[in-house]
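Observations on the model geometry
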Amino acid sequence: MNASSRAWCLAGALGALVIAGDQATKAAIEAHLVPGEHVDVLGPLGLTLAHNNGVAFGLAGGAGAPLILITLAALGVVAFLFARNPTRPGMWVAAGLLAGGAIGNLADRVRADAVTDYIDLSLWPPFNLADMAITAGVLLLVFLYLRDSEQERDDG
């Protein structure tokens, strides 16, 4: 297997792991909590069941089909960036996290017209595993591009 194929397989496996973990935790929360119920876990960390029909953290609520189209467009951008250089160190991690998180939340939106959120830090709106994967993937992608542009500047 060549390096490019290996990177695509790794990104796909990580994305599938994120989707499975995201959907499993959402199902467990849905089965054990009622909307608005709060369970203290540790310090400021708690669990609560919330349904978000907007974008991140409940902004632009009720957008429905446009959010699905935006998510699909974002997945296209991730695939495009990854396809340009799949063997860039760390790129498969960013792509897998971004795709897995986006598909995990997209599955909720298609199934229930809202995303299930459950991680509650009290000073921040509830979020979920998919949101964490998306955030980590974006941060990693920015880091990779900044690192590469710095290396090009140093080499040039």
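The structure we're discussing is the one just above.
No experiment lies behind these values; they were computed from the predicted model shown.

This next bit is on the layout of surface pockets. Estimated volume of the second largest pocket: approximately 170 Å³. Around the second largest pocket, the lining is made up of 15 residues, and of these Trp8, Ala11, Gly12, Ala95 and Ala99 lie nearest the centre. Contributing elements (two or more residues each) for the lining of the second largest pocket: helix H1 (3-32), helix H2 (65-84) and helix H3 (91-112). The leading source of residues in the lining of the second largest pocket is H1, at six residues. Each residue belonging to the lining of the second largest pocket can be placed in one class, and the counts come to eleven nonpolar, four polar and no charged.

A full pass over the atoms with the stated rule returns one cavity of 30 Å³ or more. Of the voids in this model, the largest cavity is the one considered here, and its volume is about 30 Å³. As for the largest cavity, its lining consists of Val78, Leu81, Phe82, Met91, Ala94, Ala95, Leu98 and Leu141. Mapped onto the lining of the largest cavity, the elements with two or more residues apiece are H2 and H3. Looking at the lining of the largest cavity, the element that brings in the most residues is H3, giving four residues. Taken together, the residues that form the lining of the largest cavity break down as eight nonpolar, no polar and no charged.

Basis of the calculations
Residues numbered from 1 in each chain as written. Predicted model: local features only at pLDDT ≥ 70, side-chain atom pairs only at ≥ 80, totals over all residues. Heavy atoms only, no water. 1 Å grid on protein atoms, 1.4 Å probe; cavity = no way out; pocket = protein on both sides within 12 Å on 5 of 7 lines; lining within 4 Å. Points joined across faces, edges and corners; volume = space filled by probe spheres on them. Helix = DSSP H or I, 4+ residues; strand = E, 2+ residues; numbered from the N terminus. Nonpolar A, V, L, I, M, F, W, Y, C, P; charged D, E, K, R; others polar.

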